[in-house]
Each structure stands twice: as C-alpha cells, then as structure tokens.
Amino acid sequence: LRKGNVVHVFGGGMAWPAMLDLESKLTEGGFGSCHIHESKDFSHGRFILVLSERAVGQPRIVIQVGDADGYDQLLYRTVGRFGPTVRIQSRRTGTMGSLEALIGVQLLVQRIGRELGIDPSRPSKIPEAGKRLYRWLPKSAD
C-alpha cells in the first residue's frame, strides 16, 4: 500500500458484505485502489490481470465465510505466489459468518492504518470538491 499498489480482494457469497466494506474503507481512508473479484470467476479467465507480471507485488486479500473448499484453497495458494496475501476467514457460515468476516475487515483496516500512520476514520487531505459533495443538501421542494 505504501507503493500505491492496487489491492485485490477475493471472495463471494456471504463474504460480499465484508468485501464491499473493505473496498469502501480502503478508498475512503485514502489507502489506495481496490479491485474486487468474485472467486469463482477465476476459473473463467479473470486471472489474466491478477496473475500477470504487472501484478507481481500487489497485495491480495482473500475473504472466506465458513470452511474453504478445494478450489478456495487452490485460489489462495495461487494468488499468494504473486504478492503479499492475507486471508480473512470466518469460522461460522451464514449470517454469523458474514458478520465475523466484517469484524475481520475492521481489524485489518485498523492495523493497516496503524502501520501507515493513517486514521481511516479521519482523512487528513480532503479536496474542496469532496467537501462540497459531502455537505450537499437538496433544495427544498416548497
């Protein structure tokens, strides 16, 4: 992240809430760009971008809810050969597993912020155009 790399996030199913929350936190915290990938799409060619020479060194985060099946294990090992890889895996399935993955994302973002000296909940450099969007209110319909 210090190098401005794209972060690749993998998951699917009940991991989607955590995947989307991670993308939001990385973007809104000013950490960098995030590409979200549905794990199952890697058997259909999406690996071309992520497993290429230009993607070497880009961080990868794999989010799994419940036990990883054989394909998920192979995906984790494969993407891990191309850059630093973190796995957030809940022990539970269903809604409780999804919530557990969300908590894992919160902890990871907190740790990233601490390592980079950035408070993700208090960005220090907010562009004026962003402030205008943030404060926008619709005109009264009177």
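Residues numbered from 1 in each chain as written. Predicted model: local features only at pLDDT ≥ 70, side-chain atom pairs only at ≥ 80, totals over all residues. Heavy atoms only, no water.

> Talk me through the pairing of strand E3 (residues 60–65); I want residue IDs and the actual numbers.
The buried count for E3 comes to five of six residues, which makes it a mostly enclosed element. Both strand E1 (residues 7–11) and E3 contribute to a ladder of three bridges, which runs parallel. Each bridged residue has a counterpart across the sheet, and for Val 9 the counterpart in E3 is Ile 61. With helix H3 (residues 70–80) bridging E3 and the parallel strand E4 (residues 85–90), this β-α-β connection has right-handed handedness. (Buried < 20%, exposed > 50% of the residue type's maximum accessible area, 1.4 Å probe, protein only. Helix = DSSP H or I, 4+ residues; strand = E, 2+ residues; numbered from the N terminus. Pairing = 2+ DSSP bridges. Right-handed = clockwise from strand over helix to strand, strands pointing away.)

> Kindly report on the packing of aromatic side chains, identifying the contributing residues and their values.
Within this structure, the stated rule accounts for zero aromatic pairs. Between Arg 87 and the ring centre of Tyr 76, over which it is positioned, the NZ or CZ distance is 3.8 Å. (Phe/Tyr/Trp six-rings, centres within 6.5 Å; stacked < 30°, edge-to-face > 60°. Lys NZ or Arg CZ within 6 Å of the ring centre and 35° of its normal.)

> How would you sum up the pairing of strand E2 (residues 34–38)? Please name residues and give values.
Where E1 meets E2, five bridges bridge the pair, whose relative direction is parallel. By the bridge assignment, His 8 is partnered in E2 with His 35. You can see the chain leave E1, run along helix H1 (residues 16–28) and come back into E2, and the turn it takes is right-handed.

> Summarise the environment of Pro 59; cite the residues concerned and give the values.
Examined against the element boundaries, Pro 59 turns out to sit in the loop between helix H2 (47–50) and E3. Not counting residues up to four positions away in its chain, the partners in contact with Pro 59 are Leu 1, Asn 5, Val 6, Val 7, His 8 and Pro 84. (Contact = heavy atoms within 4.5 Å.)

> Lay out the sheet that holds E3 in plain terms, naming residues and giving numbers.
If you walk across this open sheet you meet the four strands as E2-E1-E3-E4, and the pairing is parallel. A single partner strand is all that each edge strand has here, and the edge strands are E2 and E4. Going across the sheet, the axis of each strand differs from the next one's by a mean of 20°, ignoring polarity. Here E3 runs beside E4; their pairing, made up of six bridges, is parallel. Opposite Val 65, over in E4, you have Ser 90 as the bridge partner. (Axes fitted to C-alpha atoms, helices over the stretch in contact; angles between N-to-C directions.)

> Tell me what's going on with H3, and back it up with residues and numbers.
Taken together, the buried positions of H3 are Asp 72, Leu 75, Thr 78 and Val 79. The buried residues of H3 all sit within an arc of 130° when viewed along its axis, so they share a single face. Facing away from the buried side of H3 by over 90 degrees, the exposed positions are Gly 70 and Arg 77. Here the buried face of H3 lies against E1, E3 and E4. Its side-chain oxygen 3.1 Å from the backbone nitrogen of Tyr 71, Asp 69 forms the N-cap of H3. (Arc of directions from axis to C-beta. Polar contact = N/O pair within 3.5 Å; in protein donor to acceptor, adjacent residues only side chain to side chain.)

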